[in-house]
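This is what each chain is made of:
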Amino acid sequence: MIDLHCHLDLYPNPHEVIRQCRDLGIYVLSVTTTPQAWHGNTRIVEGCNRIRTALGLHPQLAHERYSELDLFDELLPLAIRYVGEIGLEGSRDWKPFADIQITVFRHILQSVTKAGGRILSIHSRAAVDAVLDHLAEYPQVGIPVLHWFSGNKTQLTKAIDMGCWFSVNPAMLRSKKGALLVQQVPLDRILTETDGPFAKHNKNSLMPWDVKIAESQLSQLWQIPEEEVVNRLHSNFKNLLNLIEK
Ligand code: MN
């Protein structure tokens, strides 16, 4: 099982969740929302060799935390392979902060480019065109993984053409629109995620092991057995890692 976008530190009981992830052998990318959260996040997963921490600054927090960009740059050498959660949020409540979000996003893209590239877990809600436009200006930034993509078909095609990957979760796959989008993505560009504890399934916060649900949804969508889905996802993950030499 692979959960490529999960906020482990934001569960009410992170240690218990981490213990279960370890027992189940799940690969987890633990994304962070602020540079200040980096050390705490790496500390709680010490010794878990299948859990990696990504360095992030969430677009919904950009206007409150932009002063942490210096800290972001300082920590970036420690985030050997992964950056996230970063991106832009264009829905109504965050529109007033569009300028500072863009400043933060571009700063990060520039720093990551200078640092040689990373795998990036990217938020793009109601801001897909802008996210893709900024990414296009930093072609050496690494591999963008658009998490919980919710754009339209044209935007999806553009993202695929630009080399983006996609992490998909049960909430996304449950919706007709989400499932239709996922169907258009090449099989070799897809990974699973939960976006727990924010994303929910049947009113409960998704847990990392709920990527199982996404595996079964993908099996339905792709019309292939679940074991094949699992093999596919694992080989995708391996390929993704090989794209960023570390
Ligand atoms: Mn998230």
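It should be emphasised that the depicted structure is a prediction, and the values quoted were computed from it without experimental measurement.

1. Some details on the overall build of the protein
On a plain count of helices and strands, the protein comes out with 11 helices and 10 strands. For the protein, whose C-alpha radius of gyration is 17 Å, the value lies close to the compact-globule estimate of 18 Å for 246 residues. Projected onto its principal axes, the C-alpha coordinates of the protein cover approximately 45 × 40 × 35 Å. Sequence-distant contacts in the protein: of pairs separated by 6 or more residues, those separated by 24 or more amount to 72%.

2. Here we look at the coordination of the manganese ion
Of the protein atoms, only H5 (NE2), H7 (NE2), E85 (OE) and D195 (OD) coordinate the manganese ion, at distances of 2.3 Å. In primary-sequence terms, the residues that donate to the manganese ion follow H-x1-H-x77-E-x109-D. Here H7 is found in the loop between β1 (2–6) and α1 (14–24), whereas its partner E85 is found in strand β4 (residues 82–87), with 78 residues between them in sequence. Across this residue pair, the class does not change: H7 and E85 are buried.

3. A look at the nonpolar core
Within the largest apolar cluster, 62 residues are counted, with the highest numbers of intra-cluster contacts made by I108, L146, F166 and L218. Counting residues in each nonpolar core, the second largest holds 13 residues, with I26, V28, V45 and C48 among its members.

4. What about the sheet that holds β1?
Read across the sheet, 3 strands follow the order β1-β2-β3 without closing on themselves; strand pairing throughout is parallel. Of all the strands in the sheet, the pair left with one neighbour each is β1 and β3 (51–54). Sheet twist, expressed as the mean angle between neighbouring strand axes with direction ignored, is 15°. As judged from the 3 bridges shared by β1 and strand β2 (residues 27–31), these two strands associate in the parallel manner. Paired with I2 across the two strands is Y27, which belongs to β2.

5. So, the side chain of T32
The topology assignment puts T32 in the loop between β2 and α2 (38–44). When neighbours within four sequence positions are excluded, T32 is seen to be in contact with A37, N41, T53, A54, L55, G56, L57, G84 and E85.

6. Quick look at the pairing of β1
With 5 of its 5 residues buried, β1 lies for the most part within the structure. A crossover links β1 with its parallel partner β2, the connecting element being α1, and its sense is right-handed.

7. Observations concerning the sheet that holds strand β5 (residues 118–123)
Whether parallel or antiparallel, the strands of a sheet pair through hydrogen bonds between backbone atoms. Read across the sheet, 5 strands follow the order β4-β5-β6-β7-β8 without closing on themselves; strand pairing throughout is parallel. Bordering the open sheet on either side are β4 and β8 (190–192), each of which pairs with just one other strand. Within this sheet the neighbouring strands show an average axis-to-axis angle of 30°, counted without direction. Judged from the 3 bridges that link them, strand β7 (residues 165–168) and β8 form a sheet pairing that is parallel. By the bridge assignment for β8, F166 is matched with I190. Packing of helix α5 (residues 98–114) onto the sheet brings it into contact with β4 and β5, and relative to β4 it is tilted by some 160°. Lying over the sheet, helix α11 (residues 226–243) contacts β4, β5, β6 (142–147), β7 and β8, oriented at roughly 110° with respect to β8.

What counts and what doesn't
- Residues numbered from 1 in each chain as written.
- Predicted model: local features only at pLDDT ≥ 70, side-chain atom pairs only at ≥ 80, totals over all residues.
- Heavy atoms only, no water.
- Helix = DSSP H or I, 4+ residues; strand = E, 2+ residues; numbered from the N terminus.
- Rg over C-alpha atoms; globule rule 2.2 N^0.38 Å.
- Contact = heavy atoms within 4.5 Å.
- Donors = N, O, S within 2.8 Å, 3.2 Å for Na, K, Ca; no water.
- Buried < 20%, exposed > 50% of the residue type's maximum accessible area, 1.4 Å probe, protein only.
- Core = buried A, V, L, I, M, F, W, Y, C linked by side-chain atoms within 4.5 Å.
- Pairing = 2+ DSSP bridges.
- Axes fitted to C-alpha atoms, helices over the stretch in contact; angles between N-to-C directions.
- Right-handed = clockwise from strand over helix to strand, strands pointing away.

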